[in-house]
Amino acid sequence: MIEQCRAGNTSAVEYFVQIYQQDVYRLALSILDDLDEAEDATQESLLAALRALDLFHGASSLKTWLFSITVNVCRTRLQHQKRRQRLEIVLDAIFQRTSTPTVEETAIQHESNQALWNAIHKMNEKHRIPIVLRYYHDLSVTEIATILQIPEGTVHSRLNTARKLLHAVLKEGSL
Amino acid sequence: MNGISHKQAIQLTHRRLDGMLKEKQGLLLEEHLASCASCRPYVSEMELLPDRLQREFHARWDEKEVPSQNMMARIQQQTRRVIMSNRVSFGLRAFAGFVALVVLGSSLNYIIKNLQNPIPNSATGEPAFASHPAILAIDSNSCKPYSEFYSLDSIFRPPGQLHEYELIQGTSLVDGDFVFEFWLYCDTSLKPDDPAHWSTIAGLAIASSWRYNGPKIEGENRDYYGFEPDIRMSTGWTGPLFRASGGVGQMGINLSEETIRQHIQQGTPVRFRVMVDSPLGRNGAIFSFILVPAESGLMIADLHAEHLTP
């Protein structure tokens, strides 16, 4: 399939997109936690992967390689998000604006543990992404290390830190 | 309690959560937890955390995990461009690969052919390696004993001064009362790097002579010998020219190596001029020959004589 995609075979490229789009979208959504952003990131990641197929040499699985691209795309988008958020805070302060949660968001918040969720959101991405990859995508430490291009020991260390932080939050809110 | 500390027990718990715990470490942890009341609650809570997180994540994202149809359409639209781009890129790479293969194949073929059969020289039909001979030397097979020429049933006989040498070819030309002769002969003592016995073509020399057969004439005389364009006066004298007056010049091929190689490569003749200035005017002959490269050295071809042009 990879060779066919490289050669520009339409069917092969469509098959590639169909096979991986959901995994990529799930990953993007879990990192960005924003539907529109996740869709854009999915599109960007899949297209980037298709363009860069020549660089895939099979050192890892195709899915791991694709996840690696997606994480990088999402990180870039997170940085843009942060800039936008900082700007919004400034604008809110100037115009005394307040945001109201949507009905959907409110429902989700009620269903889930808000404290835990807030804690996850407050984490910096270097701790949050490993936690998401480990507990939402069920990836091993080795796979996470490959995707993030960091040593396994570093992944373990970041997971430790994140778990301790979340445990402390849950402890505070009394499990 | 066993040998591990609380801190170590916590560390091992985290390793277990990441699937990195070895069997022996697992036993040590269990042993510690069995006897440590302070660690057990922490480890229990920590081991519940993954379940809690998984539930939260799935509750949050699972219902949204199918991308919208818009996204599908956008990706498909965009992938068409990527497909075109990949096709062009693939085509270019394939073409470049094909060209590279053709060049490689041609080069290999050329090398193999050269190794097996040197390329023929278009001018002479001789092998190419000989058209660029490393050393300029006469083909020793061209050299024949003097006696062979002397016994020829011909009025044209080699001059006596070449008796001790092997000869290649000779020719003559009559110009008025003058006869001019030219011989190519072999002299193994001649070498390009020997100033005392010098010839650019090792082993090759020429002998040229003139003889006057007319009536006695008084006046100033000069004779000249040389490879064109470097023709030099040999002798000048005042006195009569009478029957059997004459002169002989012998020399190696005193042209530069570059000139000789040009003649060989271009197939142009090497020209030697003999001239006599006398009260009769200028008489002379131009002798020319082609140097043909062969595997065993240079061979002489197409030796002939012509009159001086005014």
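Reading the values: the criteria
- Residues numbered from 1 in each chain as written.
- Chains lettered and ligands numbered in written order.
- Predicted model: local features only at pLDDT ≥ 70, side-chain atom pairs only at ≥ 80, totals over all residues.
- Heavy atoms only, no water.
- Pairing = 2+ DSSP bridges.
- Helix = DSSP H or I, 4+ residues; strand = E, 2+ residues; numbered from the N terminus.
- Axes fitted to C-alpha atoms, helices over the stretch in contact; angles between N-to-C directions.
- Disulfide = S-S within 2.5 Å.
- Buried < 20%, exposed > 50% of the residue type's maximum accessible area, 1.4 Å probe, protein only.

Next up on the list: the sheet that holds strand 7 (residues 270-278) of chain B. All names here are of chain B. One open sheet holds the 5 strands; their spatial order is 5-4-7-8-9, and the pairing between them is antiparallel. This sheet does not close on itself; its edge strands, each paired only once, are strand 5 (232-238) and strand 9 (297-307). Across the sheet, the axes of successive neighbouring strands diverge by a mean angle of 15°, strand direction being ignored. Where strand 4 (residues 220-227) lies against strand 5, 6 bridges are found, and the strand directions are antiparallel. Within the sheet, the bridge partner assigned to E220 lies in strand 5 and is T238.

Residue and element names in this part refer to chain B. Summed over all chains, the structure comprises 1 disulfide over all chains. The disulfide partner of C143 is C186, and the S-S distance across this bridge is 1.9 Å. Where C143 bonds to C186 through sulfur, the torsion about that S-S bond is close to -90°, and the disulfide is left-handed. Of this pair, C143 sits in the loop between helix 5 (128-131) and helix 6 (146-150) while C186 is found in strand 2 (residues 178-186), placing the two residues 43 residues apart along the sequence. Each member of the pair, C143 together with C186, is buried. C39 carries a free sulfur, and the closest cysteine sulfur to it, the one in C36, is 3.5 Å from it.

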